[in-house]
Amino acid sequence: MAEILVLVDHVDGEVKKVTLELLTLAGRFGEPAAVWIGPGYEGAKDRLGEYGAAKVYVAADEELNSYVVAPKAALLAQLVNEKSPAAVLVSATAEGKEVAGRLAVKTGSGVLTDVVDVAEGFVGEHSIFGGGIIAHAKVNTGTPIIAVRPNSVAPEPNAVTPAEEQVSVALSDADKAAKIVEKVVQEKGERPDLTEAAIVVSGGRGVGGAENFTIIEGLADSLGAAVGASRAATDAGWYPHQFQVGQTGKTVSPQLYIAVGISGAIQHRAGMQTSKTIVAINKDPEAPIFELVDYGVVGDLFQVAPQLTEEITKRK
Ligand code: FAD
């Protein structure tokens, strides 16, 4: 069976959920071969095996970690040339997409980005115009390089014991053009990561101001959820941009998504419509979000959300 390379996303050895999704996807079409770059592999090995990584190419060389993006593309290009994989999967994050583009140039291959699913023959599915249209695209040249949006595929365990191969790559001067001089670790806080959370509570323009986001945070905390926001809320400076959900923000696909004071514009839906259960609290019964929801509460969020928080807290 042909190998399918999966570039592992990890933060200091902690494997991101998107990698498990990519391994699941790879397993549908060939033998998933994870590519690990940086320290911490030993601690992550079992997790990769649990989701079907039949092989892991391990590049633990400290130097590969000292430069921005380019070494990852260089290593993957070398593996594409040496191992002739059937395809390469990366996450459609800012970094993943940059790696994909560079890799495409280095290997003379076609690249698909922001793919939400992959069908037989490495046909990538794109959700465009805020999910209104599904477009299919296929790479005709070289090795298909596919950047898949996080939360597009449900990760499925498929335990194997990975074979390991240590790999390295000689970096060119161009690969070393941008050196990492400092890494500032963002404070993780108590809440789960937005793109990986099982429950997300998001606030929109209806929240009315930065100070009122404590209502959204209170509800989120009662449920052990992550906090999200609409673009109207982030553009107004009420909540940081990194928490924006939607077409130009993060894509989330939790078990439960609660939209509070959000109208349900197509660009917001693009980032949350695959959530398993969707709940909305909105005072306008005609709000478009109600077309999408499993449960809708027509009411003033300033009354409904605190009551809901109180009730959930009581029942814990
Ligand atoms: P509004 O549309 O103003 O809705 C506010 C809602 O709150 C209303 O439905 C109102 O009834 C309700 N409300 C008000 N007061 C209360 C109350 N007291 N109690 C209960 N309900 C109340 N948007 C995103 O979210 N994410 C994106 O990634 C994104 N990308 C975009 C990209 C492009 C290219 C463009 C053009 C737009 C994008 N947008 C995005 C913006 C999008 O079109 C909408 O403008 C935005 O989603 C609206 O945010 P909102 O629902 O919070 O605000």
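Values in this document were obtained by computation on a predicted structure and should not be read as measured data.

The subject of this paragraph is the packing of helix H3 (residues 70-83) against helix H4 (residues 94-107). Two elements in contact, H3 and H4, have axes whose closest approach is 9 Å; the angle formed by their N-to-C orientations is 45 degrees. Here H4 runs oblique to H3, going by the angle between their axes. Relative to H4, the crossing made by H3 is right-handed. Contacts between H3 and H4 involve Ala-70, Lys-72, Ala-73, Ala-74, Leu-76, Ala-77 and Val-80 from the first element and Glu-95, Val-99, Arg-102, Leu-103, Lys-106 and Thr-107 from the second. Residues that form the contact of H3 with H4 fall into these classes: 8 nonpolar, 1 polar and 4 charged.

Lining the immediate surroundings of the ligand are 25 residues, of which Arg-205, Ser-230, Thr-248, Ser-263 and Asn-282 lie closest. Ser-230 places a polar side-chain atom, nitrogen or oxygen, 2.6 Å from an oxygen atom of the ligand. Contact between the ligand and Asn-282: an oxygen atom at 2.7 Å from a side-chain N or O atom of the residue. Notes on the ligand: free accessible area 990 Å², of which the protein chains cover 76%. Mapped onto the shell around the ligand, the elements with two or more residues apiece are helix H6 (231-235), helix H7 (266-269) and helix H8 (301-315). For the shell around the ligand, the per-class residue count stands at 6 nonpolar, 14 polar and 5 charged.

Attention shifts here to the environment of Lys-276. For Lys-276, the location among the structural elements is in the loop between H7 and strand E15 (277-282). By relative accessible area, Lys-276 is classed as exposed at 61%. Along the chain, Lys-276 and Ile-199 lie 77 residues apart, while their C-alpha atoms are 9.9 Å from each other. When sequence neighbours within four positions are dropped, the list of residues in contact with Lys-276 reads Pro-254, Gln-255 and Asp-294.

Analysis parameters
Residues numbered from 1 in each chain as written. Predicted model: local features only at pLDDT ≥ 70, side-chain atom pairs only at ≥ 80, totals over all residues. Heavy atoms only, no water. Axes fitted to C-alpha atoms, helices over the stretch in contact; angles between N-to-C directions. Helix = DSSP H or I, 4+ residues; strand = E, 2+ residues; numbered from the N terminus. Parallel < 35°, antiparallel > 145°, perpendicular 65-115°, else oblique. Left-handed = near helix turned anticlockwise from the far one by under 90°. Contact = heavy atoms within 4.5 Å. Nonpolar A, V, L, I, M, F, W, Y, C, P; charged D, E, K, R; others polar. Near = heavy atom within 4 Å. Polar contact = N/O pair within 3.5 Å; in protein donor to acceptor, adjacent residues only side chain to side chain. Areas by Shrake-Rupley, 256 points an atom, 1.4 Å probe, with all protein chains shown as cover. Buried < 20%, exposed > 50% of the residue type's maximum accessible area, 1.4 Å probe, protein only.

Everything listed here is a matter of geometry and, on its own, says nothing about what the molecule does.
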